[in-house]
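# Commentary on secondary and tertiary structure
Take a look at the letters that make up each chain.
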Amino acid sequence: MKYIYIMLNLFVGTFLWSIIEPKESFTCFLEIFPALLGVLVLVLTFKKFRFTNFTYLMILLHCIILFIGGHYTYAEVPLFDFIKETFHQTRNNYDKVGHFAQGFVPALIIRELFICKMVISNKSFFNFIIVSICLAISAAYEWIEWGVSISTGDKGDAFLGTQGDIWDTQSDMLFATIGACIALLLFSKIQDKQIEM
């Protein structure tokens, strides 16, 4: 339980940092809202279902990625501006980290729920279904970005974050899919050990 409190304190501390003088308040709200909603759900369901510490740690890391993107906007995270200039890239690619996590972390969450709640008895399509759900989540998020951008005009441009890349939406979904696949390929055994404890 001590581990959970440490992670909650890190969550709150990073959240508070993200909302203190963000680059754009509206964009900050849009970027951090999924983290706040997700943690609210985790808190409300904690007594009914408790994830492994490993999965909670991955959720925390995803929240921190969202908080950093919210504070600076995804297109202007300083470290990735440095990377852009050093490697002569055409854009700040921090959003790709966010979209990678958007596939990586949900894959672990879904996998743990499927195992613990015995959602799927035939494991032949287990990973395929998890990756498909992660891709569906990514596509739905792209619809949200699109809807916000259309309904708010210039205010939503920083949230959309295409930075002039006409293939941004497609590459965002690709990075989420890659994240989901890597989570399943590299971290399934670690998660299994934690579930067994």
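Scroll up to find the structure this text is about.
Residues numbered from 1 in each chain as written. Predicted model: local features only at pLDDT ≥ 70, side-chain atom pairs only at ≥ 80, totals over all residues. Heavy atoms only, no water.

## Here we look at the overall build of the chain
The condition that has to hold: Helix numbers and strand numbers start at the N terminus; a helix is a DSSP run of H or I with at least 4 residues, a strand a run of E with at least 2. The size measure is the radius of gyration over C-alpha atoms, and the globule rule it meets is 2.2 Å times the number of residues to the 0.38 power. Relative accessibility decides the category of a residue: with a 1.4 Å probe and only protein chains considered, values under 20% of the type maximum give buried, values over 50% give exposed, and everything between is partly exposed. The contact criterion used is simple: two residues touch if any of their non-hydrogen atoms lie within 4.5 Å. Here the open area of atoms and residues is found with the Shrake-Rupley method and a 1.4 Å probe, where only the protein chains shown may cover a residue. Positive charge is attributed to Lys and Arg, negative charge to Asp and Glu, and no charge count is given to His or to the chain ends. Here the site of a charge means NZ on Lys, CZ on Arg, CG on Asp, or CD on Glu.
When you go through the chain residue by residue, the secondary structure sums to eight helices and zero strands. Taking 16 Å as the expected radius of gyration for a compact globule of 197 residues, we find that the chain reaches 17 Å, a close match to that expectation. Projected onto its principal axes, the C-alpha coordinates of the chain cover approximately 45 × 35 × 35 Å. For the chain, the proportion of its 197 residues judged to be buried stands at 42%. Long-range contacts, defined here as pairs at least 24 residues apart, represent 74% of the contacts in the chain between residues at least 6 apart. Carbon together with sulfur atoms contributes 71% to the accessible area of the chain, which is approximately 11200 Å² in total. Positive and negative side-chain charges in the chain, numbering 14 and 17 respectively, have mean positions lying 15 Å apart.

## Description of the side chain of glutamine 191
Keep this limit in mind: The definition of a polar contact used here is a pair of N or O atoms within 3.5 Å, where within protein one atom must be able to donate a hydrogen and the other to accept one, and adjacent residues in sequence count solely through side-chain atom pairs.
In this fold, glutamine 191 is placed in helix α8 (residues 168-196). Residue classification places glutamine 191 among the buried residues on the basis of a relative accessible area of 0%. For glutamine 191, the side chain forms a polar contact with the side chain of arginine 111, separated by 3.0 Å.

## Brief notes about the layout of surface pockets
Our working definition: Cavity means a closed set of points on a 1 Å grid over the protein atoms alone, one where a 1.4 Å probe fits but cannot get out, pocket means an open set with protein on both sides within 12 Å along at least 5 of 7 lines, and lining means a residue has an atom within 4 Å of a point. Grid points are joined across faces, edges and corners, and a volume is the space filled by probe spheres set on the points. Following the grouping adopted for this structure description, the nonpolar residues are Ala, Val, Leu, Ile, Met, Phe, Trp, Tyr, Cys and Pro, the charged ones are Asp, Glu, Lys and Arg, and the polar ones are all others, Gly among them.
One number sums up the size of the second largest pocket: a volume of about 290 Å³. Around the second largest pocket, the lining comprises 14 residues; the ones closest to its centre are Ile4, Leu8, Val39, Val43 and Tyr56. For the lining of the second largest pocket, the secondary structure elements donating two or more residues are α1 (2-19), α2 (25-45) and α3 (53-72). In terms of residue count, the dominant contributor to the lining of the second largest pocket is α1 (five residues). Of the residues that constitute the lining of the second largest pocket, the class distribution is 14 nonpolar, no polar and no charged.

## Notes on α1
This is how the line gets drawn: By this rule, a helix spans an expected 1.5 Å times one less than how many residues it contains.
The end-to-end C-alpha distance of α1, which contains 18 residues, comes to 26 Å, matching closely the 26 Å that a straight helix rising 1.5 Å per residue would cover. As for α1, its buried residues are in contact with α2 and α3. Where α1 terminates, the next one or two residues include glutamate 21, which has phi positive at roughly 50°.

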